[in-house]
Amino acid sequence: QVHFVESGGGSVQTGDSLKLSCANSGRPFIFNAAGWYRQVPGKEREMVAEISRGGSTSYADSVKGRFIISKDDGRNAVYLQMNSLKPEDTAVYFCNVRATTTMLPRADFESWGQGIQVTVSS
């Protein structure tokens, strides 16, 4: 089974940088799209950044110019480089992947990671 695991979170101060990783520890898959989402207690989960199979990206207005999403097709991994972090970026970050199985008959699926904490202090 496909299993995505996030890593790279932690506690930093305003202006620091972090790089989150989302790696598949299970069976291989055909990548369709992926994204990073974040959630603060009491608020709805929001999209931070997304990337397509072809490499097209999109970002939430609040992180444009500071965050960069990328992927490594060879490792089936997705990354989120976070620069110039602000206290408002504090949240649990989740990796979401949309893919297709490599076994026949092929089937599309969506999977979420467990989430990783990012805390930015003033």
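Please refer to the structure higher up on the page.
1. Thoughts on the environment of Arg 98
With respect to the helices and strands, Arg 98 occurs in strand β9 (residues 91–101). The spacing of Arg 98 and Leu 20 is 78 residues in sequence and 18 Å in space, taken between C-alpha atoms. Discounting residues that sit within four places of it in the chain, Arg 98 has contacts with Phe 31, Asn 32, Ala 33, Ala 34, Gly 35, Tyr 37, Glu 50, Phe 109 and Glu 110. At 3.0 Å, the side chain of Arg 98 forms a polar contact with the side chain of Asn 96.

2. Quick notes on the sheet that holds strand β8 (residues 77–82)
Reading across from one edge, β1-β3-β8-β7 is the order of the four strands in this open sheet, with antiparallel pairing throughout. Both outer strands of the open sheet, β1 (4–7) and β7 (67–72), are each paired with one neighbouring strand and no more. Direction aside, the axes of adjacent strands within the sheet are offset by 15 degrees on average. Where β7 meets β8, six bridges bridge the pair, whose relative direction is antiparallel. Residue pairing in the sheet places Lys 71 in a bridge with Val 78 of β8.

3. With respect to the pattern of salt bridges
Taken as a whole and judged by the stated rule, the model has six salt bridges. Here Arg 38 and Glu 46 are joined by a salt bridge, their closest N and O atoms 2.9 Å apart. On the accessibility criterion, Arg 38 (6% relative accessible area) is buried. Among the salt bridges present, the one from Asp 73 reaches Lys 71, with a minimum N-O distance of 2.8 Å. Judged by its relative accessible area of 22%, Lys 71 is partly exposed. Salt bridges here are not isolated pairs; linked through shared partners, they connect Arg 38, Glu 46, Arg 66 and Asp 89.

4. Considerations on the nonpolar core
Formed by 29 residues in total, the largest nonpolar core has its most connected members in Trp 36, Leu 80, Met 82, Tyr 93 and Val 97. Put simply, the parts of the chain that give this core at least two residues each are β3 (18–24), β4 (29–39), β5 (46–52), β7, β8, β9 and β11 (116–121). Looking at this core, the element that brings in the most residues is β9, giving five residues.

5. Re the pairing of β3
Judged by which residues are buried, β3 turns out to be one-sided: Leu 18, Leu 20, Cys 22 and Asn 24 face inward and are buried, whereas Lys 19, Ser 21 and Ala 23, on the alternate face, are not. By the bridge criterion, four bridges tie β1 to β3 in an arrangement that is antiparallel. Note that in β3 the partner of Ser 7 across the bridge is Ser 21. In this structure, β3 lies alongside β8, joined through six bridges in antiparallel fashion. Bridge pairing in β8 links Lys 19 to Gln 81.

Calculation criteria
Residues numbered from 1 in each chain as written. Predicted model: local features only at pLDDT ≥ 70, side-chain atom pairs only at ≥ 80, totals over all residues. Heavy atoms only, no water. Helix = DSSP H or I, 4+ residues; strand = E, 2+ residues; numbered from the N terminus. Contact = heavy atoms within 4.5 Å. Polar contact = N/O pair within 3.5 Å; in protein donor to acceptor, adjacent residues only side chain to side chain. Pairing = 2+ DSSP bridges. Axes fitted to C-alpha atoms, helices over the stretch in contact; angles between N-to-C directions. Salt bridge = Lys/Arg side-chain N within 4 Å of Asp/Glu carboxyl O. Buried < 20%, exposed > 50% of the residue type's maximum accessible area, 1.4 Å probe, protein only. Core = buried A, V, L, I, M, F, W, Y, C linked by side-chain atoms within 4.5 Å.

That's the geometry; what it means functionally is another story.
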